[in-house]
Amino acid sequence: GSSNAFTSSETTNFYFDVNADNFEEALDRFAQFFIKPLMSQDAVLREIKAVDSEHKKNLLSDGWRMHQLQKHLASKDHPYHKFSTGSWETLETKPKERGLDIRLELLKFYENYSANLMHLVVYVKESLDCIQSLVESLFSHVKNTDQRSFKCPSQPLSAEHLQLLVKAIPIIEGDYLKISWPVTPNIQFYKEGPCRYLSHLIGHEGEGSIFHIIKELGWAMDLVAGAGSDSNEYSFFSVGMRLTDAGHDHMEDIIGLVFKYIHLLKEDGIHEWIFDELASINETEFHYQDKVHPISYVTSTVSSMRLFPPEEWLVGESLPSKYAPNRINMILDELSPERVRILCESKKFEGSTNCAEPWYNTSYSIENVTPYMIKQWIQKAPTEKLYLPKPNIFVPKDLSLKEVPDKVTFPTILRKTPLSRLWYKPDMLFFTPKVYIIIDFHCPLSSHSPEAAVSTSLFVDLLVDYLNAYAYDAQIAGLFYSIYLTSTGFQVCVGGYNDKMRVLLHAIMKQIVNFVVKPNRFSALKETSVKDYQNFNFSQPYSQASYYLSLILEEKKWPLVEKLQALSKLESDSLAKFVPHLLSKTYLECYIQGNIEPGEAESIVQEIEDTIFNTPNSVFKPMSPSQYLVKRVIMLEKEIKCCYQIEGLNQKNENSSVVQYIQ
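Per chain, the residues get numbers from 1 upward, laid out in the order the sequence is written. Only residues with pLDDT of at least 70 get local features here, since the model is predicted, and only at 80 or more are side-chain atom pairs given and counted; chain-wide, interface and lining totals rely on the full set of residues. Working from all heavy atoms in the structure, the side-chain values ignore hydrogens and water.

**Some remarks on the UniProt feature "domain: Peptidase M16 C-terminal" (unreviewed entry) in the protein chain**
UniProt positions are given in the numbering used here, feature names are shortened, and annotations may be inferred rather than shown by experiment. As recorded in UniProt, the sites labelled "domain: Peptidase M16 C-terminal" (unreviewed entry) are residues 105-278. Here a strand is any run of E in DSSP of at least two residues, a helix any run of H or I of at least four, and the numbering for each starts at the N terminus. From the first C-alpha to the last, residues 105-278 spans 49 Å; its make-up is 37% helix and 18% strand.

Dropping the structure here:
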């Protein structure tokens, strides 16, 4: 099994899992930590070293750096302002300088561990009565000292921390923009879900949305919107995006467009049909959710117990059901120019910052952003029309279960032609109205050189990019798809409710068949891809070590340096010539599993064949059987020991890594 723990702003969550046969003994040991912990001196020292090692890993992580910078720029007397993870300095050096014994401080802090502040979730096969008597016998000795629950003061941002533009220098390549506001925590209105309604619209990626416009202008690569906090007392609503170089130059226009959309939401009013559509999607998702790993289930459930009444512990805030336009308008009013804070990360700010955050030494500068300035930015924002999404065509209506005559334990080959092979397995276990389809495109010309590998990669990225506006609704409605590279070509995966699955799959196949290179999207994706390759130098040592291992073991795995060189030289017209060449030798390996009858599975693959191979002027051509690819790996012969040592790519990273591979 495994055991772990994490600490958020107001709680610590301890958890473990173990084989069922050993559960009782493991639970006894777990209980003893809350009854008679040893807290031995050497264990305390080991833990301080572990905490410090983790902190050193985080020093070069932009996620941690920017999170701490946001906290630094908050009220100094609010707990949110503090450094929240710990280091050798805070847990060993400074306490000793003040004459403190850290173990005694730990024991004092342990007094907060009172039964009245604790919740427990136990997940086992036995009956409830059996579990209850076991839990009572093991946990009844946890002390109840009737401690008072920690109450955080409300918002950590006062007026001086708002109407700011913070410019910060990141470690990695890439420009990021985050617009945020302090808002009333959604947890206080979880039945109404106002932030869920607004994040759905502001974060939408279909036509008429903020993201669709800035993506088409070549300014941004992604956008995420929503409220978040691990406190009941304060929360922030944020709109975050990765910008292109052109997007960095148009940052004010993008901020103006976001405020323009917020203004549209106020002008257009709150729509009950949008709330109802979201509520219906959430309801379906809740009732047909897949089982999660028990360890994930207990950690999320125990977190819900202090936030919700007992009858809602298993539901939490996942089912907003009360339409309350006044609550949505309340949050909307909080998303104002007077309350905004903007963070922009870019290496382009090097040489123009004048401050440093004390814990991570992040360089930054601050400028004031007045409501008048934002009004000017709104006026010069793009003039493309913003509008609300239309009703979602992918919301499933038919959730019935299909009759399957034959009981099948393993996938079987249902159909075989010179163009494809279909493996099929009906759902005999979960009984949900879902289906999973994998179409594996075997293309031997996909990776025969570094140039071919990066061209195939960019082809796949462009496919996903073109599909985004159309397929975004499908993802909201519980239909997921991905297209990604494999060592032998690329793979299309779709999964979710079977009702509208074929509509989505057909759209993906049509996009592949009708593929053209759009020069503006090619430029934006190539730029991002180059930065991602360059950022490998800043990845953690264990990621770098695993990469070198794959380079040694796999055939046709090209070094990143060579791929970066090939990518830098790649132009849109050469990609346009490469794609027909790539697809001129193709074989489809298909797998269909779930709530689907064999006849329908066969007709799906027949339709794919017709779309891809049998349309006039199709660039797809079948392969001869001897060309079907076999995945290969270097075989390590007996008694041979290989050791590859190399210096980490980032000199500033103090951590090292060892990977041991046994074949």
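**Observations concerning the pairing of strand β3 (residues 164-168)**
Within β3, 5 of the 5 residues are buried, which leaves it mostly tucked inside the rest of the structure. Across the two faces of β3 the burial is the same, with Leu164, Val166 and Ala168 and Leu165 and Lys167 all buried. Relative to strand β7 (residues 341-345), β3 runs parallel, the two being bridged by 5 bridges. Across the sheet, alanine 168 pairs through a bridge with glutamate 345, a residue of β7. Strand pairing requires that DSSP identify at least two bridges connecting the strands. In the sheet, β3 pairs with strand β9 (residues 363-368) via 5 bridges, with the strands oriented antiparallel. Among the inter-strand pairings, lysine 167 is bridged to a residue of β9, identified as serine 365. Residue exposure (1.4 Å probe, protein chains only): buried if accessible area is under 20% of the type maximum, exposed if over 50%, otherwise partly exposed.

**Observations concerning the packing of aromatic side chains**
Ring pairs shown here join Phe, Tyr and Trp side chains whose ring centres sit within 6.5 Å, with only the six-membered ring taken for Trp; geometry is labelled stacked below 30 degrees between planes, edge-to-face above 60, and tilted in between. Scanning all chains against the criterion turns up 29 aromatic pairs. With centroids separated by 5.6 Å and ring planes inclined at 55°, the aromatic side chains of phenylalanine 275 and tyrosine 323 adopt a geometry described as tilted. Pair noted here: phenylalanine 275 is in helix α11 (residues 272-287) and tyrosine 323 is in the loop between α12 (294-304) and α13 (325-334), with a separation of 48 residues, a long-range link. Following the ring pairs from residue to residue traces out a cluster consisting of Phe14, Phe16, Phe23, Phe30, Phe33, Phe34, Tyr110 and Tyr113. By the criterion adopted, a ring carries a charge over it if an Arg CZ or a Lys NZ lies within 6 Å of its centre and within 35 degrees of its normal. The ring of tyrosine 80 has lysine 71 lying over it, and the distance from NZ or CZ to the ring centre is 5.2 Å. Of note, lysine 518 hangs over the ring of tyrosine 466, and the distance from its end group to the ring centre comes to 4.3 Å.

**A few points about the domain arrangement of the protein chain**
Boundary definitions for the domains trace back to an automatic or database domain assignment. According to the domain assignment, the protein chain contains domain 1 (2-140), domain 2 (159-380) and domain 3 (412-627). One C-alpha centre belongs to domain 2, the other to domain 3, and the line joining them spans 31 Å. By definition, a salt bridge exists where a carboxyl oxygen of Asp or Glu is found within 4 Å of a side-chain nitrogen of Lys or Arg. Counting across the interface, domain 2 meets domain 3 through 4 salt bridges. Looking at the side of domain 2 that touches domain 3 element by element, the count peaks at 4 residues for helix α8 (residues 210-216). Of the residues in the side of domain 2 that touches domain 3, the class split is 7 nonpolar, 10 polar and 10 charged. Only Asp, Glu, Lys and Arg are considered charged in this grouping, and only Ala, Val, Leu, Ile, Met, Phe, Trp, Tyr, Cys and Pro are considered nonpolar; every other residue, Gly among them, is considered polar.

**A look at the UniProt feature "domain: Peptidase M16 N-terminal" (unreviewed entry) in the protein chain**
UniProt tags residues 1-74 as "domain: Peptidase M16 N-terminal" (unreviewed entry). Taken end to end, residues 1-74 comprises 57% helix and 16% strand; its first and last C-alpha atoms sit 41 Å apart.

**Here we look at the pattern of salt bridges**
Applying the stated rule across the entire model yields 28 salt bridges. For glutamate 89, the salt bridge is made with lysine 94, and the minimal N-O distance between the two is 3.5 Å. By relative accessible area, which is 38% here, glutamate 89 ends up partly exposed. Lysine 531 is paired through a salt bridge with aspartate 245; the nearest N and O atoms lie 2.8 Å apart. Of the two residues, lysine 531 sits in helix α17 (residues 519-535) while aspartate 245 sits in helix α9 (residues 245-249), which places them 286 residues apart along the sequence.

**Details of the sheet that holds strand β14 (residues 489-497)**
Pairing is mixed across the open sheet formed by 6 strands, whose spatial order is β10-β11-β15-β12-β14-β13. The two strands at the open ends of the sheet, each matched to only one other strand, are β10 (412-416) and β13 (479-486). Between one strand axis and the next, the sheet turns through 15° on average, direction left out of account. Direction of pairing for β10 relative to strand β11 (residues 420-426): antiparallel, over a ladder of 4 bridges. Looking at β11, one finds that lysine 416 is bridged to arginine 421. Sitting on the sheet, helix α16 (residues 501-513) is in contact with β12 (434-442), β13 and β14, with an inclination near 160° to β14. Comment: axis = line fitted to C-alpha atoms, over the contacting stretch for helices; angle = value between 0 and 180 degrees taken between N-to-C directions. Working rule for contacts: check all heavy atoms of both residues, and any pair within 4.5 Å makes them a contact.

**Looking at the packing of helix α15 (residues 450-476) against α16**
Axis angle and axis distance: for two packed helices, these are the angle between their axes and the distance between the axes, and together they describe the pair. For the pair α15 and α16, the least separation of the axes is 10 Å and the interaxial angle reads 160°. Relative to α16, α15 is oriented roughly antiparallel. The two elements α15 and α16 meet at a crossing, and its hand is right-handed. Residues Leu463, Tyr466, Leu467, Tyr470, Ala471 and Ala474 of α15 pack against Val503, Leu504, Ala507, Ile508, Gln511 and Ile512 of α16. Tallied by class, the residues present in the contact of α15 with α16 amount to 11 nonpolar, 1 polar and no charged. An angle counts as roughly parallel when it lies under 35 degrees, as roughly antiparallel when it exceeds 145, as roughly perpendicular when it falls between 65 and 115, and as oblique in every other case. A clockwise turn of the near helix away from the far one marks a right-handed crossing, whereas an anticlockwise turn of less than a right angle marks a left-handed crossing.

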